[in-house]
Structure formats: structure tokens, C-alpha cells
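Geometric and topological summary
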Amino acid sequence: MKLDTSDIDLKLTFTSFSVVLLLGILAVLYPESVKGTMGAMLDFTVINFGAGFLWYTLFATVALLYLALSRFGDIRMGDSKPKFSKFQLFAMALSAGMGASTMYWGFIESVYYFMDPQFGIVDRHMAMEYATAYNMFHWGAAGWFIYLIVAIPFAVVFYLKKSQRMSLSGVINSLFNDRLPIWAQKLVDLLFIITTLAATALTLGLGIPMISSNIASLTGIPNNLMLGIGVILGLSVIFSLSSYIGIEKGMARLSSATIYICAFFVGLIFIIGPSALIMNNMTNGIGVMLTEYLRMSTNTDPFGSTLFPQYWTVFFLANWISYSPGVGVFITKIIQGQKLRDVILILVIGGTLGSAVIFGICGTYSMNLIDSGVIDGVKMIEAGQPTTLVKEIFDQSPMPMVLTAIYLVTMILFTVTTLDGTSYSLAGIATKKLDAEANVSPMFRLFWCLLLTALPIVFLLINADLNILKSFPVLIIVLITPVFLVAAVKTLQYLNQNYHSIMAHQLEQDKRLGMDNEGFVAKPA
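Reference entry: report on the structure contained in this document. Model, not experiment: these values are computed from the prediction. Sequence order as written defines residue numbering, which begins from 1 separately in each chain. Reporting of local features is limited, given that this is a predicted model, to residues whose pLDDT is at least 70; pairs of side-chain atoms are given and counted only at 80 or more, and all residues count toward the totals for whole chains, interfaces and linings. To obtain the side-chain values, all non-hydrogen atoms of the structure were used and water was disregarded.

Right, let's get into the nonpolar core. Grouped burial of nonpolar side chains is what soluble globular proteins tend to show. One finds I75, F107, F265, W448 and L495 to be the most contacted residues of the largest nonpolar core, which totals 170 residues. Working definition: helices are DSSP H or I runs of at least four residues, strands are E runs of at least two. Numbering for both runs from the N terminus. No other element matches helix α8 (residues 141-160), which puts 18 residues into this core. If sequence neighbours within four positions are ignored, W448 has contacts with T13, I193, L197, S423, L426, A427 and A430. In this text, buried Ala, Val, Leu, Ile, Met, Phe, Trp, Tyr and Cys residues form a nonpolar core when linked through side-chain atoms within 4.5 Å. Between buried and exposed lies partly exposed: a residue is buried under 20% and exposed over 50% of the maximum accessible area for its type, with that area taken using a 1.4 Å probe on protein chains only. Contact definition: two residues touch when any of their heavy atoms are within 4.5 Å.

Okay, here's the thing in C-alpha cells:
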């Protein structure tokens, strides 16, 4: 099948890819200068703009709860019945939006929080409890609100305003009735793709060493550059195949299988671990997270010295924001036929509970080993050895090889589904016009799969410092977050002004398609 380039913005594609690649090359040629400059810019951003990210997240929270719980929640995205079940919707969104990073941080992140407790906590065990709660908070509802505040404008413009562009500039232009200047459209889309590419490269940069380490542990193969490249190539074959055969046959099935395998892995950890402690700490962590939610959401520790909120909460929110364009495009694709209320509540509640279970079980398992003195997790984290810590945790279990194997499979599948969703999003952004089903060219998705494969291989070969990439998306979103805010406000205005006509059209379409109020085909009496 040939790739038709007439509807593809190749200039935008290669310009954005070249910018991210150039950053990696500069990191090698001038490592200290680039690292110092990016570090200083990151410090300035999280310290001076950190409160802005917190307020943006609170705005997203209030706006989306209003949409979900008001009359607007009845608005359906598109004129057809739901294309995917609610479980598939949840599984694909979770896989694309959290996936590999969740497994990477599951056993180790709470250790960082235990090392730097907040709110004046000095008691060791209280610090562990709050570490679990903070873990759940950083991976919970706030992230999904950030994703959805970008996804909903995309969905409204595509399904209700019938625009066939899936780029951020196309959304903004449509909401402003096609008055956005061409140069502004190009700039917005360039920032959009650069942010998504840099964020994806960071995900691979974290995930590949963990996958390589576990392969080496299982097989005895030396954990070196060649293994890292082999892992990338192996992943690329899987997610390229999944991308090519389409979301319905590829990612929908793959992400559902991934969720089941992840659930089996986490369930196994619960069974072989201190089950009562895990259940108690997980329950307690959810309670602390809920009761302290507003405090955690607004914590800036203004007179503190550790800058914990800036380098954890603000940085997390900034990274959620940097992923939100790509995940937002993907969510738009998979919510066809779903009601706004269902989309918001399924992803926020399901995503929050899912991460609470994963981090509650895995984090408690590792914290118990640290608390009982079996392993010195704090020392390993201070030495910059998170992969070693995960290996030590598995080695202390009754079945280290089994856990390593299942963890490896889960990491691979989550990484594949994350990249699969990203390839769709990038292809959609760089396609000038999509069909009514929001489909993109399979060959163009495959093209993006190849670019996503090439980027981490180049970074491995040139030994680029991924800490620089970690800073890059955070810096760019200072420019692009106001655009998201404007898009959200304009979307709320559009829904308010056109609610009655939208609902009348929806009722007419439901009657024509024989659907009931929930979007299912009505059965004859």
C-alpha cells in the first residue's frame, strides 16, 4: 500500500522530529552547557510557574466535573453507537496514558517520598503512609483531568462541529470560527508535536533500561548497548504491527490483554506479599489521599527548603500536560458514540482506582522490605540505581524468576500500547484532513512508528543525557498551556450556546439508528 502524501504535513513532521533529534545531538556535543542551561530553565519554570500549573489543574477539575454532572453530560460524541465497550475505553486510555511509566514507578516511587516527607511529618511510619498517599495522588484523578481538559475540545470540534482536522491548531481555529492566522497554527502544531515526541522519548528512556535489565536477569545476556537496541527493535515490530492492523483489531485487543496480565501480576504480588499490611496500607492511602486531596493539589511549601512540591507535584502535573495533546487526540478517537458523562467518570474514577491499586500493592510490598531491613532501598535510590532496587525486590520473593518474567511481559505490553497510541496521535496531528471515523493512513502510522523507533536508538548510540529530555517538555508547555486553557473555555461557551440544537440532533440520530438513551441499539418488544 502506497503512502498518499497529499493530505500529510511532511514539513511539520520532519521539522518537529529534527528539533528533538538536534537537542539530543547538542546534549552530546555540549553536555555540560546544555544540561546547565536546561536545568536552570527548569528550576526557573517549576519555581516561578509552579502555582500556575496547580491552578490550571484545579480549573480542569472543576470544569470537567461540571460537564459530567450537569445536563452537558448527556451529550454524545458523534452520531453512531459506541465503537468500543466501556472496558475497552478504559483499557486503551489507561494503556496509552499511563502504561509503561506506571510499571516503572510502581515499586520505587514511594521510596522517594518516604525520603522527603511533607507537612512536617517526622515519624517514620507516618512518612510511609503519606508516601503511599502521595503516590496515589500523583498518578490519580489530577492526571486524568489534565488529559480530558484537552481531549474534550478535540472531541467537541471533531464530532459536534464536524471538523476533519485533529491538530491542536485545527481545534483552536474551529473554536474561533477559522480566524487563527496561519503562522500561529503552524507554531502551535510544531510545539504540540515536539512536546509529544520529547515526552515519548523520555518514556522510552525510562522503560528500555528496566526492560533490558529484566531480560538480562532472566537470560544472562549482557545488559549492554546492543541489548538496548534489540529491545527497541523488538518493541517496534510489535507496535508497528498493532498500529498497521488498526485500533479495533490491534490496540483494543492488546490493551485489554495488557490490563488482564497487569491485574494478574499485581494480584500475585498481593498474594505472596504481606496481604493484610498491603490491604491496610492501600485502604489507608486512599483515605489519606482523598482527605488531603485539596492540600496536596495546592501545596507549594513556600517557606520550605526541599522544593518537594516543585520537583514532584508540579513536575508531575507538567508532564501530564506535556502528554495531554497526544493522549487527548487518542481519547478523541476511542470515545466515538460515548456520552461526555461516561467518558469523564470512567476515565477519572477508573484511572484513579486502577493506579491506587497498582501503587498501593507494589509500593507497600517494596516499603515493607525496606521497613523490615531486608533491603536498603533508600541507599539504592540515593545511588541512582532504581533498576537494581526492582531486581532486589523480586529476588527477595518466593518466585523471583516468575515475577521477573510477568513484570517483563507487562512492561513490554504497556510500552507497546503507549507507543501505539502515540503513533496514532502523531499521525492524526500531522494529517490535514481525516475521515468521519477519525481514521489515519495505516502507512502514515507505520511511518511514525519508524520515527519513534529511530529516535531512542539514536539517543542510545550517541549516549544522550535523558535528563535534558526530561526538562524539555516541561519548558515547552509554559507556552502551550494557555492555548489549552483558551480551548477549554471556548468549548464550554460553544456547548452552552448550542446545547439545545446538539441534543435535538442527537435525539433525531438516535431515533434514526434505533438507539436507546444509553447509545445501545434498541431491541424490538
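We now examine helix α13 (residues 275-291). A helix is expected to span 1.5 Å for every residue after the first. For α13, spanning 17 residues, the distance from its first C-alpha to its last is 24 Å, which sits close to the expected 24 Å at 1.5 Å a residue. Those residues of α13 that sit buried are I278, N281, M282, G285, V288 and M289. Axial view of α13: buried residues confined to an arc of 135 degrees, hence all on one face. Of the exposed residues in α13, those oriented more than 90 degrees away from the buried face are A276, N280, L290 and T291. Directions drawn from the helix axis to the C-beta atoms are what define this arc.

On to a nonpolar patch on the surface. Taken together, the side chains of L22, I25, L26, L29 and Y30 define a hydrophobic patch exposed on the protein surface, amounting to about 470 Å² of accessible area. Note that L22 resides in helix α1 (residues 10-29). According to the relative accessible area criterion, L22 is partly exposed, its value standing at 48%. Here the term patch refers to residues with relative accessible area over 30% and no salt bridge, with like charges joined within 9 Å and nonpolar side chains (Val, Leu, Ile, Met, Phe, Trp, Tyr) within 5 Å. All accessibility values rest on the Shrake-Rupley procedure with a 1.4 Å probe; residue burial counts only the protein chains present in the view. A carboxyl oxygen of Asp or Glu within 4 Å of a side-chain nitrogen of Lys or Arg is what we treat as a salt bridge.

Here we take up the environment of F90. Relative to the helices and strands, F90 resides in helix α4 (residues 86-97). Under the relative-accessibility criterion, F90 is labelled buried at 16%. The spatial distance from the C-alpha of F90 to the C-alpha of S256 is 8.9 Å, given a sequence separation of 166 residues. Setting aside its immediate chain neighbours within four residues, F90 contacts I346, L347, G350 and G351.

Interhelical geometry of helix α15 (residues 308-334) versus helix α19 (residues 400-429) gives an angle of 90 degrees and a closest axis separation of 8 Å. Overall, the two elements α15 and α19 adopt an arrangement that is roughly perpendicular. Counting all contacts with α15, which are made through G326, V327, V329, F330 and K333, the residues of α19 involved are G421, Y424, S425 and I429. Under the scheme applied here, ten amino acids are nonpolar (Ala, Val, Leu, Ile, Met, Phe, Trp, Tyr, Cys and Pro), four are charged (Asp, Glu, Lys and Arg), and all others, including Gly, are polar. Broken down by class, the residue content of the contact of α15 with α19 amounts to 5 nonpolar, 3 polar and 1 charged. Angles run from 0 to 180 degrees between N-to-C directions of axes, and those axes are lines fitted to C-alpha atoms, restricted for helices to the stretch in contact. Small angles under 35 degrees read as roughly parallel and large ones over 145 as roughly antiparallel, with 65 to 115 read as roughly perpendicular and the rest as oblique.

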